[in-house]
Amino acid sequence: MFHTITSKSQHNKERTHKKHINNLQQSTINNKRQQKTKPSKYSKKAIIMAKGTRTERIKEAVKDLKRIRNIGIAAHIDHGKTTLTDNLLAGAGMLSEELAGTAVRMDADKQEQERGITIYSGNVSMVYDVNNTDYLINLIDTPGHVDFGGDVTRAMRAVDGVVVVVCAVEGAMPQTETVLRQALKERVKPLLFINKVDRLIKELQLTPEQMMDRFTKHITAVNNLIRKFAPPEFKEEWLVDVQSGKVAFGSAYKNWATSVPFMKKTGTSFKDIIDLTNKGEEKELAKKAKIHEVMLDMIINHLPDPQTAQKYRIPRIWTGDIESKEGKAMLNSDKTGEPIGVVTNVISDPNAGIVSTVRLFSGTLKDGQTVHMVLAQDDTRIQQVAVYDGPKRIPVNEMCVGNIIAVTGLEQASSGETICGASHEIPPFEDIKHIFEPVVTKSIEIKNIKDLSKLIDILRMRSKEDPTIKVKISEETGETLVSGLGELHIEAKIERYIKEKGIPIIVSKPIVIYKEGVLKESREFEGKTPNKHNKFYLKVAPMSDEVRNVLTSGEVPEGKIRKQDQLKVTDALADAGYDRDEAKKIVAIQNGNMLINLTRGIVQLNEVIELIIQSFKEVCSEGPLASEPTFGLKVMLMDAKLHEDAIHRGPAQVLPAVKTALKNSMLDGKASLFEPKQILRIDGPQETMGNIVKEVQNRRGQIMNMEEEQGMSIITAKLPVAQMFGFEAGIKSATGGRGFQSLIDIVYEKLPPDLQDKTVLSIRKRKGMKEELPQIKIME
């Protein structure tokens, strides 16, 4: 899974890691006298009361943007994110130290508490006293389960730095890679906390040397991911290392942590930590090596303030001109500039209405201020500006640039919305696009027709809150289809929520979303308008995997290509091996498909190009085989013959003509269904490897790799999503309850020939379409 780099520089890095980690074991620097006379750097004593209320301290801290940190906590599931956040809350005096690690205060939802996992991102603003100076930490605790990864993606737009938590026993897992990809794509700087070190000492009983090797392995794995996914200018600068203090070790559950700078400062050695842990004196250890002190030192010293981060983040995440007045205001974090921000999350509050989480990149937002929502094309009045305290909100009346805030009054906002000054229009921020897309769909029916409007309102709100949830009401059958990242995603965020609202529903078994693509370049097909006055000539061809990956990665914008984006699109595709001259002629990109205008000298074409693009988008949503989404299509408009009078080439004429030509081209190009497959890491006891392999192969699965590590088998496998329902239970059964799986990636591959026609007819039947294989339509 990890792409090992065997360069000389990396070997030197590994040796350096080992050297400094070894110092953790042997360091016995004696600063006892200094410790007695020097006050604690991080004080929670009476000076906090003397400084005033928390709100007053927040308002004072934000006067200097250098004293703000916007951070996320991210990790693979069950690696200890929320437990770490508990400790940071305790360090800020917002939670009893006795409860830290067990309270999981950020998991406020009843379902989160029942399941024992984070489902929704949790926000909190904490004030810390550092050398008698207050710092404001705006923190987002994110989910670790892959089904809720969309919350992680949106959180990464709001923050400037992220603490990646890795379990000392398991190491970097597939979701570790996913959250790092999400963070680095948004130019969010990472730090590393290796958690659950107490398990290495007490459960595995590793020697100091073995622990050193384990730490080195984890750090190297994370750095390999940073080298792979970081922006080119930060590939080396953002690597984590022990000596500088960008890596900390500890146990969030036992409330302690350490790092090289902390050990040098306090004289505490790693040997002391091992001895106290083995003696069961972990409470004493938690007093000597307070986790919040170590983490706060790392966060403040190594994660950027908003003034620093926005200079390199804004050019990546905003689509506008950096040299414009608005661009300069965001680059310079101008408090007096026009208010500009992005909505990264919305929730429905029964008392306050829609509560929007906003990262403010310019200006100041105030209660009662009118702002413009760019995507909704609506001016609206802000009711209240607040900061987060977990599920609660603390009103602050106004807040300046560089902060993550709660705003009420933006009733039409959805995640990804751009806000700016009233009656003003600016280019929006880049779409917040999740790495994975929905692959599982369920049909939801109401038992009582009177509940239909309530159901539609709920689904509309849920998809607004979480854009990775897709809702579609079929015009043919009237059924309501909900798509998500997995079964748990739909169950937790849709099914249970609807039932809690008291609406009886019937939920279908999971339905797989296939995609339609072509296998070869088609012939050129004519599309004739119903009035016979206009003709369009199109053909299609499959694109390379490299080009398709660029289109789906978020590197290039979707929709109609704007003039200012043309160079960006051309360069990105040329780097992927696509012809540069042809790339300049791309007019639209949609869901991994592109439309290219190869016509010459057609005067009226610009008057109908919007309708051609609309036709292209509609076919991208519903292909010719079974009305499934298309992907990997290179659609080429070769020629057009248009009536000189615009009245004869309206939507009713152009749309059916272009769509028919495009669908005929796909059928001629050997249109085929492509099925989603999940690439999984499966962990289980070594003696159960045969059972795991059998479970995979019985589901049309493919074994890609097998490894053994400390009595455990680690299997990489690729399975069709259609065969995966109940797979998790199957793995538990095959391994006596000791096995588990983790998602690495989702890919689409051509459905086997013997299943093509059968699956097409099955989908068409479910959708209420004619139960026959589609044929090329001859237009008279």
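Residues numbered from 1 in each chain as written. Predicted model: local features only at pLDDT ≥ 70, side-chain atom pairs only at ≥ 80, totals over all residues. Heavy atoms only, no water.

*Asks:* What should I look at first to understand the overall build of the protein in this one?
*Replies:* Along the backbone of the protein there are 26 helices and 33 strands. Its C-alpha atoms give the protein a radius of gyration of 28 Å, near enough to 28 Å, the size a compact globule of 780 residues would have. Taken along the three principal axes of its C-alpha coordinates, the protein extends 95 × 65 × 60 Å. The buried share of the protein, reckoned over its 780 residues, is 58%. Taking the average location of the 113 positive side-chain charges in the protein and that of its 104 negative ones, the two points are 3 Å from each other. (Helix = DSSP H or I, 4+ residues; strand = E, 2+ residues; numbered from the N terminus. Rg over C-alpha atoms; globule rule 2.2 N^0.38 Å. Buried < 20%, exposed > 50% of the residue type's maximum accessible area, 1.4 Å probe, protein only. Lys, Arg positive; Asp, Glu negative; His and termini not counted. Charge placed at Lys NZ, Arg CZ, Asp CG, Glu CD.)

*Asks:* So what exactly am I meant to see when it comes to the confidence of the model for the protein here?
*Replies:* For any part of a model where pLDDT is low, the fine detail of the predicted coordinates should not be relied upon. Per-residue pLDDT for the protein has a mean of 88; in total, 91% of the residues score no lower than 70. Averaged pLDDT values over the elements of the protein bottom out at 37 in helix α2 (residues 32–37) and peak at 97 in strand β5 (residues 189–195). Under a pLDDT of 50 for its full length, residues 1–11 has, in the predicted model, 18 contacts with residues more than four places off or in other chains. Across residues 26–50 the pLDDT falls below 50, and counting only partners more than four positions away or on other chains, this stretch makes 33 contacts in the model. (pLDDT = per-residue confidence, 0-100. Contact = heavy atoms within 4.5 Å.)

*Asks:* Can you walk me through the pattern of salt bridges in this structure?
*Replies:* Think of it this way: side chains of opposite charge can pair up when their charged atoms draw near. Overall, the coordinates contain 44 salt bridges when judged by the stated rule. Where D151 meets K493, a salt bridge forms, and the shortest distance between an N and an O atom there is 2.8 Å. Of the two residues, D151 sits in helix α7 (residues 149–158) while K493 sits in helix α18 (residues 487–500), which places them 342 residues apart along the sequence. By relative accessible area, D151 is classed as buried at 3%. The salt bridge partner of R580 is D571, with a shortest N-O separation of 2.9 Å. Assessed through its relative accessible area of 29%, D571 is described here as partly exposed. A single salt-bridge network, built from bridges that share partners, covers R157, D160, E186, R313 and R359. (Salt bridge = Lys/Arg side-chain N within 4 Å of Asp/Glu carboxyl O.)

*Asks:* Is there a simple way to think about the nonpolar core in this case?
*Replies:* For soluble globular proteins, nonpolar side chains are generally found buried alongside one another. With 84 residues, the main nonpolar core has M126, F193 and V197 as its most contacted residues. In terms of residue count, helix α14 (residues 291–302) provides more of this core than any other element does, 7 residues in total. Those residues in contact with V197 that lie beyond four places of it in its chain are A168, M211, F215, F249, G250, W256 and F270. Among the nonpolar cores identified, the runner-up in size contains 75 residues, and V540, L595, L633 and M689 belong to it. (Core = buried A, V, L, I, M, F, W, Y, C linked by side-chain atoms within 4.5 Å.)

*Asks:* Please explain the packing of helix α5 (residues 81–91) against α14 as it appears in this structure.
*Replies:* Think of two packed helices as two axes; the pair is described by the angle between the axes and how far apart they sit. Orientation of α5 relative to α14, taken along the N-to-C sense of each, is 95°, at an axis distance of 9 Å. In terms of their interaxial angle, α5 and α14 are classed as roughly perpendicular. Across the interface between the two elements, L84, N87, L88 and G91 from α5 touch I291, H292 and M295 from α14. Within the contact of α5 with α14, the residues separate by chemical class into 4 nonpolar, 3 polar and no charged. (Axes fitted to C-alpha atoms, helices over the stretch in contact; angles between N-to-C directions. Parallel < 35°, antiparallel > 145°, perpendicular 65-115°, else oblique. Nonpolar A, V, L, I, M, F, W, Y, C, P; charged D, E, K, R; others polar.)

*Asks:* Help me understand the environment of I682 in this model?
*Replies:* With respect to the helices, strands and loops of the structure, I682 is situated in strand β30 (residues 672–685). Spatially, the C-alpha atoms of I682 and Q741 are 4.4 Å apart, while their sequence positions differ by 59 residues. In contact with I682, other than residues within four places in its own chain, are I692, V696, S713, I714, I715, A717, F727, I731, F740 and Q741.

*Asks:* Would you explain the packing of helix α17 (residues 452–465) against α18 in this entry?
*Replies:* It is at 11 Å that the axes of α17 and α18 come closest, and there the two elements cross at 145°. As for how α17 packs across α18, the hand of that crossing is right-handed. The segment α17 lies against α18, with L455, I458, L459 and R462 engaging K493, I494, Y497 and I498. Among the residues making up the contact of α17 with α18, the classes are represented as 6 nonpolar, no polar and 2 charged. (Left-handed = near helix turned anticlockwise from the far one by under 90°.)

*Asks:* I'm lost on helix α22 (residues 605–621) in this one. Help?
*Replies:* An α-helical segment advances 3.6 residues per turn. Residues three or four places apart therefore align on the same side. With 17 residues, α22 extends 24 Å from end C-alpha to end C-alpha; this agrees with the ideal 24 Å at 1.5 Å per step. Of the surrounding elements, those touching the buried residues of α22 are β25 (535–542), β26 (559–560), β27 (586–590), β28 (593–597), β29 (633–641) and α23 (651–668). (Expected span 1.5 Å × (residues − 1).)

*Asks:* Help me out: how do you make sense of the sheet that holds β29 in this one?
*Replies:* Across a sheet, paired strands are connected by hydrogen bonds in the backbone, their directions being either parallel or antiparallel. Spatial strand order, β24-β25-β29-β28-β27-β26: 6 strands in an open sheet with mixed pairing. Lying at the two open borders of the sheet, with one neighbouring strand each, are β24 (525–528) and β26. Here 8 bridges tie β25 to β29, and the two strands are oriented antiparallel to one another. Within the sheet, the bridge partner assigned to F536 lies in β29 and is A640. (Pairing = 2+ DSSP bridges.)

*Asks:* Which parts of the structure should I look at to understand the state of the cysteines?
*Replies:* Each disulfide is one covalent bond, formed between the sulfur atoms of two cysteines. Summed over all chains, the structure comprises 0 disulfides. Not part of a disulfide, C400 finds its nearest cysteine sulfur in C420, a span of 19 Å. (Disulfide = S-S within 2.5 Å.)

*Asks:* Any chance you could explain the pairing of strand β12 (residues 378–381) here in plain terms?
*Replies:* Here is the key point about a regular strand: its side chains alternate between the two faces of the sheet. Here 4 bridges tie strand β11 (residues 370–373) to β12, and the two strands are oriented antiparallel to one another. Counted as the bridge partner of T370 is R381 from β12.

*Asks:* Help me out: how do you make sense of the pairing of strand β16 (residues 404–408) in this one?
*Replies:* β16 sits mainly inside the fold: 5 of its 5 residues count as buried. Of the two faces of β16, the one holding I404, A406 and T408 and the one holding I405 and V407 are both buried throughout. Across 5 bridges, the pairing between strand β9 (residues 353–362) and β16 is antiparallel. By the bridge assignment for β16, S356 is matched with V407.

*Asks:* Would you take a moment to explain the environment of R496 for this structure?
*Replies:* With respect to the secondary-structure elements, R496 resides in helix α18. Exposure remark for R496: the relative accessible area of 22% places this residue in the partly exposed category. C-alpha of R496 to C-alpha of I274: the two residues are 222 residues apart in sequence and 45 Å apart in space. Contact partners of R496, with chain neighbours within four places excluded, come to K110, Q111, E114 and E491.

*Asks:* How do you make sense of the layout of surface pockets when you look at a structure like this?
*Replies:* To find the voids left in a structure, one rolls a probe of water-molecule size over its atoms. Volume-wise, the second largest pocket comes out at about 950 Å³. Around the second largest pocket, the lining comprises 34 residues; the ones closest to its centre are D109, Y120, I347, S348 and R462. Among the secondary structure elements, those contributing two or more residues to the lining of the second largest pocket are α6 (110–115), β2 (122–130), α7, β8 (340–349), β9, α17 and α18. Residue composition of the lining of the second largest pocket, grouped by class: 12 nonpolar, 8 polar and 14 charged. (1 Å grid on protein atoms, 1.4 Å probe; cavity = no way out; pocket = protein on both sides within 12 Å on 5 of 7 lines; lining within 4 Å. Points joined across faces, edges and corners; volume = space filled by probe spheres on them.)

*Asks:* Just checking my understanding: could you explain unusual backbone geometry for this structure?
*Replies:* Residues apart from glycine generally show negative phi values, whereas peptide bonds are mostly found in trans. You will see that N131, though not glycine, has its phi angle at about 50°, which is positive. Mapped onto the elements, N131 comes out in the loop between β2 and β3 (133–141).

*Asks:* Is there a simple way to explain the packing of aromatic side chains in this structure?
*Replies:* Each aromatic ring pair is described using two quantities: the centre-to-centre distance and the angle formed by the ring planes. Evaluated as defined, the whole model comprises 8 aromatic pairs. An aromatic cluster of at least three residues, connected via ring pairs, comprises F215, F249 and F270. It is R462 that lies over the ring of Y497; its NZ or CZ is 3.8 Å from the centre. The ring of Y748 carries K515 above its face, with NZ or CZ at 4.7 Å from the centroid. (Phe/Tyr/Trp six-rings, centres within 6.5 Å; stacked < 30°, edge-to-face > 60°. Lys NZ or Arg CZ within 6 Å of the ring centre and 35° of its normal.)

*Asks:* Help me understand the environment of S544 in this model?
*Replies:* Tracing the sequence through the fold places S544 in the loop between β25 and α19 (545–552). Relative accessible area serves as the criterion here: at 32%, S544 is assigned to the partly exposed category. The spatial distance from the C-alpha of S544 to the C-alpha of G632 is 7.7 Å, given a sequence separation of 88 residues. There is a polar contact of 3.2 Å between the side chain of S544 and the backbone nitrogen of V547. (Polar contact = N/O pair within 3.5 Å; in protein donor to acceptor, adjacent residues only side chain to side chain.)

*Asks:* What exactly am I supposed to notice about α7 here?
*Replies:* Of all the 10 residues making up α7, 10 are buried; the element is thus mostly covered by neighbouring parts of the structure. Among the residues making up α7, those that are buried are G149, G150, D151, V152, T153, R154, A155, M156, R157 and A158.

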